[in-house]
Amino acid sequence: VPTSFVALTNLRGLVLSNNFMTGIQLDFGALTNLEELWFSFTPIFGFLPTELFSLTKLEFDCQFLGGIPPEIANLVNLEQFDVFNNALTGALPTVFGSFANLERLILQANSFVGTIPSEYGNLEKLVNLQLGLNDLTGTIPSTIGTNSLEVFDISSTRVSGPLPESLCNVQTLVITDSDVDASACLQ
């Protein structure tokens, strides 16, 4: 990314997808009006840059490593967080459950472990929650799906137990390769 991008002070959205960048050398903090950033299908390796944690929409399909840094809590106006197909590890952050404007939370195809935080059920505007292809265990919290959720994906996880009735009316439900019992929705 050319360093001259920092002169674009009115820039609100930046799409750097589908290119062959190998690193981030741009001071995103200097782009004070930047709200949205997309890095899909870009071979960037390393850790999530914390200076990006003031945006409202973030989408990365790179090869970011490690956990999601605690600075993620600074994204109080976050609407979309998509880190599909990275190499992120650790537990799913509970802090996402406090983001009142969050509509899309895509954490699919990483190496997250543990259970689905019940705090995700607090997200009244959430329409898309994709957690599949992670090493998740436990059951689905009964609070999930009591909002405007349309898409729920926990495919290829070790999540088990009954599917909460609150998820019976989602438009897209993906529970393949899991041990979730959806019989409550078939009655």
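Described below are features of the structure shown in this document. (Residues numbered from 1 in each chain as written. Predicted model: local features only at pLDDT ≥ 70, side-chain atom pairs only at ≥ 80, totals over all residues. Heavy atoms only, no water.)

Topic: the overall build of the protein
Argument step 1. Across its full length, the protein holds zero helices and 15 strands.
Argument step 2. A buried classification covers 47% of the 187 residues belonging to the protein.
Argument step 3. For the protein, long-range pairs separated by at least 24 residues make up 28% of all intrachain contacts whose partners lie at least 6 apart in sequence.
Argument step 4. Element-wise, carbon and sulfur atoms account for 51% of the exposed surface of the protein, whose accessible area totals about 8700 Å². (Helix = DSSP H or I, 4+ residues; strand = E, 2+ residues; numbered from the N terminus. Buried < 20%, exposed > 50% of the residue type's maximum accessible area, 1.4 Å probe, protein only. Contact = heavy atoms within 4.5 Å. Areas by Shrake-Rupley, 256 points an atom, 1.4 Å probe, with all protein chains shown as cover.)

Some details on the state of the cysteines
Argument step 1. For the structure shown, the criterion picks out one disulfide.
Argument step 2. Each disulfide pairs two cysteine sulfurs, and for Cys168 the partner residue is Cys185, the sulfurs being separated by 1.9 Å. Since a negative S-S torsion denotes a left-handed disulfide, the Cys168-Cys185 link at about -80° is left-handed. Placement of the pair is Cys168 in the loop between β13 (160-162) and β14 (172-174) and Cys185 in the segment after β15 (179-181), with a sequence separation of 17 residues. (Disulfide = S-S within 2.5 Å.)

What to know about the pattern of salt bridges
Argument step 1. On inspection of all chains with the given rule, the structure shows two salt bridges.
Argument step 2. For Arg104, the salt bridge is made with Asp82, and the minimal N-O distance between the two is 3.8 Å. In this pair, Arg104 sits in strand β8 (residues 104-106) while Asp82 sits in strand β6 (residues 80-82), placing the two residues 22 residues apart along the sequence.
Argument step 3. Taking the relative accessible area as the measure of exposure, Arg104 reaches 26% and is therefore partly exposed.
Argument step 4. Salt-bridge contacts for Asp135 lead to Arg158; the nearest nitrogen and oxygen are separated by 2.8 Å. Of this pair, Asp135 sits in strand β11 (residues 135-136) while Arg158 sits in the loop between β12 (151-153) and β13, and the two are 23 residues apart along the sequence.
Argument step 5. Under the relative-accessibility criterion, Asp135 is labelled partly exposed at 35%. (Salt bridge = Lys/Arg side-chain N within 4 Å of Asp/Glu carboxyl O.)

A closer look at the packing of aromatic side chains
Argument step 1. Going through the model one piece at a time under the given rule, you end up with three aromatic pairs.
Argument step 2. Residues Phe81 and Phe96 carry aromatic rings whose centres are separated by 5.1 Å and whose planes lie at 40° to one another, so their mutual orientation is tilted. Within this pair, whereas Phe81 is found in strand β6, its partner Phe96 is found in the loop between β7 (87-91) and β8, the two being separated by 15 residues in sequence. Each member of the pair, Phe81 together with Phe96, is buried. (Phe/Tyr/Trp six-rings, centres within 6.5 Å; stacked < 30°, edge-to-face > 60°.)

So, the environment of Phe99
Argument step 1. By the element assignment, Phe99 lies in the loop between β7 and β8.
Argument step 2. If near-sequence neighbours (up to four positions away) are discounted, Phe99 is found in contact with Ile72, Ala73, Leu75, Val76, Leu78 and Leu123.

Some words on unusual backbone geometry
Argument step 1. With phi around 65°, Ala109 is a residue other than glycine that occupies positive phi space.
Argument step 2. Residue placement: Ala109 occurs in the loop between β8 and β9 (111-114).
Argument step 3. Residue class for Ala109 comes out buried when judged on its relative accessible area of 12%.
Argument step 4. Despite not being glycine, Ser156 has its phi angle at roughly 55°, a positive value.
Argument step 5. Within the secondary structure, Ser156 sits in the loop between β12 and β13.

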